Amino acid sequence: MGFSPEELMQCLGRLPQARRYVVAFSGGLDSGVLVHALRDPRIRLGLPLLAVHVDHGLSPDSADWAAHCASFCAARNIALERVRLELRCDDGASVEACAREARYAALAERMLPGDVVLTAHHRDDQVETILGHLLRGCGLPGVGGMPFRRALERAPGVDLWRPCLDFSREGLQAVRHGARLPHREDATNASLVPRRNQLRHRVLPALRESLDPELDARLLRWARGARAGLARLGGTVEALLDTVPVSPPHAIVPAAVARTAAEHAALAAELLRRLWRRTGPHGTRAELSRVHHRGWLELLRGHGRGALLTFPGGVTVERAGGTIVWIGCGDAPGSIPAPLELGPG
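None of the values given here were measured: they were computed from a predicted structure.

Participant: Just checking my understanding: could you explain the overall build of the chain for this structure?
Facilitator: Counting its regular elements, the chain contains 12 helices and 11 strands. In terms of C-alpha radius of gyration, the chain reaches 22 Å, essentially the compact-globule figure of 20 Å for 345 residues. With an accessible surface of roughly 17,400 Å², the chain has 53% of that area assigned to carbon and sulfur atoms. When the 44 basic and 37 acidic side-chain charges of the chain are each reduced to a single mean position, those positions are 2 Å apart.

Printed below as a string of structure tokens:
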């Protein structure tokens, strides 16, 4: 799909009533087109607009990027806030993932209830995300790709929206050329070291040419089906969670819930994801690995009785009879109420 202010306005029409719109503005082509379009006279936001530029401290040209963003926003009478980070990554962690987590955390710190954060992720980004998750063996949430809307973690009452997901990179480029928008090109986009860039420059073009020119459309349909399945699964999981005593960072999963979740790997995985979001250590967006999910499923099924799982942030999970006890960081098993239900393992 191409891109026009009218089409963007249709997407923005799906947004809830907001206090203000906050655009995550890198200074690149995609976010530049979004910022420019939001100031188009045909789009009547009727709300304050703020652009936030996050400098991760990774580029020697970061001052030039910040100056470009300031000039771009000043020319359009848009308020700009610059955030400079000192990135610290754990050993072996992906720099890209670490930067992404730090960027969203920085945004969350500056938001107020009622704000809506807008990012410029587009359809090509979505295709790359879906294929990357498939190759990693992700479950339904991964195959479903990036949602159009989600809550911004650690920012109560704040949503993150991706209004450009239906638009192609080519469509955004056409707008940039037509409006003669200044932009900077990130030199790392051409590197084949990051996994996403390999997908973009090598894997996807080869698959489209040799196997299926309609690959993108098929992946997007697959993702829609996965999101629909996840929504149905989510309803089941929420019903189960209604019976789980949760007092962050602690939780006790009754034996009946454990038995139900153990019957289906997808159900167990979604229960774990939602418990993690509700009780995980404050200040971490660490993802649980396949090893964590596998250990969780084994624990639900009663295998490895007495085993203790360790999650990021020092969270531990153990089985007591048929009940799963979720123990918050730094707490001993005796520091939370003993499980009331000790059914058969």
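Participant: How should I be thinking about the sheet that holds strand S8 (residues 250-253) in this particular structure?
Facilitator: Taken in spatial order, the 5 strands of this open sheet run S7-S8-S11-S10-S9, and their pairing is antiparallel. Both outer strands of the open sheet, strand S7 (246-247) and strand S9 (308-311), are each paired with one neighbouring strand and no more. In terms of strand pairing, strand S10 (residues 315-320) meets strand S11 (residues 323-327) through 5 bridges, oriented antiparallel. Of the residues in S11, the one forming a bridge with valine 317 is tryptophan 326.

Participant: Just checking my understanding: could you explain the environment of glutamate 6 for this structure?
Facilitator: Within the element layout of this structure, glutamate 6 appears in helix H1 (residues 5-12). For the pair formed by glutamate 6 and alanine 37, sequence separation is 31 residues and the distance between their alpha carbons is 9.5 Å.

Participant: I tried to follow the packing of helix H10 (residues 255-262) against helix H11 (residues 265-279) on my own but got confused; where do I start?
Facilitator: Two measures define how a pair of helices packs: the angle their axes make with one another and the distance between the axes. The interhelical angle for the contact between H10 and H11, taken along N-to-C directions, is 130°, at an axis separation of 7 Å. When the interaxial angle is binned, H10 and H11 end up oblique. Contacts between H10 and H11 involve Val257, Thr260 and Ala261 from the first element and Leu267, Ala268 and Leu271 from the second. Here the residues of the contact of H10 with H11 are counted per class, giving 5 nonpolar, 1 polar and no charged.

Participant: Could you clarify how one ought to interpret the layout of surface pockets in this entry?
Facilitator: It is the rolling of a water-molecule-sized probe over the atoms that shows where space remains empty. For the second largest pocket, the calculated volume is near 270 Å³. As for the second largest pocket, its lining consists of 14 residues, of which Gln126, Leu165, Asp166, Arg224 and Arg227 are closest to the centre. If you list the elements that add at least two residues to the lining of the second largest pocket, you get helix H5 (123-135) and helix H9 (215-241). The leading source of residues in the lining of the second largest pocket is H9, at 4 residues. Its residues assigned to classes, the lining of the second largest pocket shows 8 nonpolar, 1 polar and 5 charged.

Participant: Would you take a moment to explain the sheet that holds strand S6 (residues 159-161) for this structure?
Facilitator: Two orientations exist for strands paired in a sheet by backbone hydrogen bonds: parallel and antiparallel. Spatial ordering of the open sheet is given by S3-S2-S1-S4-S6-S5, a layout of 6 strands whose pairing is mixed. Only two strands of the sheet have a single partner each, and these edge strands are strand S3 (79-84) and strand S5 (149-151). For this sheet the average axis-to-axis angle between neighbouring strands, irrespective of direction, equals 25°. On the sheet, helix H2 (residues 29-38) packs against strand S1 (20-24), strand S2 (49-55) and strand S4 (115-118) and is oriented at approximately 155° with respect to S1.

Participant: Would you mind going over the packing of aromatic side chains with me for this structure?
Facilitator: Pairs of aromatic rings are described using the distance from one ring centre to the other and the angle between the two planes. Within the structure shown, the criterion is met by 6 aromatic pairs. With a centroid separation of 6.1 Å and an interplanar angle of 90°, the aromatic rings of tryptophan 276 and phenylalanine 311 are classed as edge-to-face. Taken together, the residues tryptophan 276 in helix H11 and phenylalanine 311 in strand S9 connect sequence positions 35 residues apart. Under the relative-accessibility criterion, phenylalanine 311 is labelled buried at 3%. Here a set of aromatic residues connected by ring pairs shows up, and it is made of Trp276, Trp296, Phe311 and Trp326. The ring of tyrosine 104 has arginine 150 sitting right over it, with the charged end atom 5.2 Å from the ring centre. Seen from the ring of tryptophan 65, arginine 184 lies directly overhead, with NZ or CZ sitting 5.0 Å from the centre.

Thresholds applied
Residues numbered from 1 in each chain as written. Predicted model: local features only at pLDDT ≥ 70, side-chain atom pairs only at ≥ 80, totals over all residues. Heavy atoms only, no water. Helix = DSSP H or I, 4+ residues; strand = E, 2+ residues; numbered from the N terminus. Rg over C-alpha atoms; globule rule 2.2 N^0.38 Å. Areas by Shrake-Rupley, 256 points an atom, 1.4 Å probe, with all protein chains shown as cover. Lys, Arg positive; Asp, Glu negative; His and termini not counted. Charge placed at Lys NZ, Arg CZ, Asp CG, Glu CD. Pairing = 2+ DSSP bridges. Axes fitted to C-alpha atoms, helices over the stretch in contact; angles between N-to-C directions. Parallel < 35°, antiparallel > 145°, perpendicular 65-115°, else oblique. Contact = heavy atoms within 4.5 Å. Nonpolar A, V, L, I, M, F, W, Y, C, P; charged D, E, K, R; others polar. 1 Å grid on protein atoms, 1.4 Å probe; cavity = no way out; pocket = protein on both sides within 12 Å on 5 of 7 lines; lining within 4 Å. Points joined across faces, edges and corners; volume = space filled by probe spheres on them. Phe/Tyr/Trp six-rings, centres within 6.5 Å; stacked < 30°, edge-to-face > 60°. Buried < 20%, exposed > 50% of the residue type's maximum accessible area, 1.4 Å probe, protein only. Lys NZ or Arg CZ within 6 Å of the ring centre and 35° of its normal.

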